[in-house]
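Examining the three-dimensional arrangement
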Amino acid sequence: MADLEHLPAIEGRKIHVVVEASRGMTAKCKYDPKKGLFVLGKPLPHGLVYPYDWGFIPGTKAEDGDPLDALVLHDAACPVGCLIECRPVAILKIEQREKGKEPVRNDRLLFIPDADKAVKKEILTDRLKQELEQFFCAVVLGSGKTLNLLGWKGAGHALKAIRQAAA
């Protein structure tokens, strides 16, 4: 398997997103650099499935210590470990609280795949934003985490966050 620890976040005008959970999955996998494999991370609460491919941006480090989180808005379901070259669409700014710990930012970045020219940035309607907010809040049920949604920003803010997290 490729060395995901050293894969750059940005290549030219494309952002790299590595899939951890395919659209329709009920559990998330997590990349284990020591094993060089994806391992089962955690199941979603009952009744939930990933609405789109979910993953991370390699070569970045968010405030929570993990790579930046990414959701790729498209109709396909790519396999776990797949690299999707993307264009940023938006960022949902989130403050995450975990019992006994200080709150940290754990933003969600949204993308469209560069290879699928049929997917337009306009896919992210107000209705879809509301549905995704509900999904992100529901995913943390029973985990001891709570989310405070701080609002949406556009593609330029997403790109700036990626560059900062890659530095």
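Our subject is the structure that appears above.
So, here is what we can say about the structure in this document. From a predicted model like this one, the values you see are computed outputs, not experimental measurements.

1. Considering the environment of Asp 116
- Position of Asp 116 among the secondary structure elements: in the loop between β9 (108-113) and α1 (126-139).
- Under the relative-accessibility criterion, Asp 116 is labelled partly exposed at 29%.
- Between the C-alpha atoms of Asp 116 and Lys 34, which are 82 residues apart in sequence, the distance is 33 Å.
- At a separation of 3.1 Å, a polar atom in the side chain of Asp 116 contacts the main-chain amide nitrogen of Ala 118.

2. A short note on the packing of aromatic side chains
- Counted according to the given criterion, the structure contains 5 aromatic pairs.
- When the centroid spacing of 6.0 Å and the interplanar angle of 55° are considered together, the rings of Trp 54 and Phe 136 count as tilted. Highlighted residues: Trp 54 in strand β5 (residues 53-57) and Phe 136 in helix α1, separated in sequence by 82 residues.
- For Trp 54, a relative accessible area of 7% puts it in the buried group.
- Classification of Phe 136 as buried rests on a relative accessible area of 2%.
- Put simply, the rings of Tyr 50, Trp 54, Phe 135 and Phe 136 pair up and form one aromatic cluster.
- Sitting over the face of the ring of Phe 136, Arg 108 holds its NZ or CZ atom 5.3 Å from the ring centroid.

3. Digging into α1
- Here α1 contains 14 residues, and its C-alpha end-to-end distance of 20 Å stays within 8% of the 20 Å for a straight helix at 1.5 Å per residue.
- Listing the buried residues of α1 in full gives Leu 128, Leu 132, Phe 135, Phe 136, Ala 138 and Val 139. For α1, the buried positions fall inside an angular range of 165° around the axis, keeping them on one side. The exposed set on the far side of α1, more than 90 degrees from its buried face, consists of Asp 126, Arg 127, Gln 130 and Gln 134.
- As for α1, its buried residues are in contact with β4 (37-43), β5, β6 (68-72), β7 (83-98), β9 and β10 (145-154).

Reading the values: rules and limits
- Residues numbered from 1 in each chain as written.
- Predicted model: local features only at pLDDT ≥ 70, side-chain atom pairs only at ≥ 80, totals over all residues.
- Heavy atoms only, no water.
- Helix = DSSP H or I, 4+ residues; strand = E, 2+ residues; numbered from the N terminus.
- Buried < 20%, exposed > 50% of the residue type's maximum accessible area, 1.4 Å probe, protein only.
- Polar contact = N/O pair within 3.5 Å; in protein donor to acceptor, adjacent residues only side chain to side chain.
- Phe/Tyr/Trp six-rings, centres within 6.5 Å; stacked < 30°, edge-to-face > 60°.
- Lys NZ or Arg CZ within 6 Å of the ring centre and 35° of its normal.
- Expected span 1.5 Å × (residues − 1).
- Arc of directions from axis to C-beta.
- Contact = heavy atoms within 4.5 Å.

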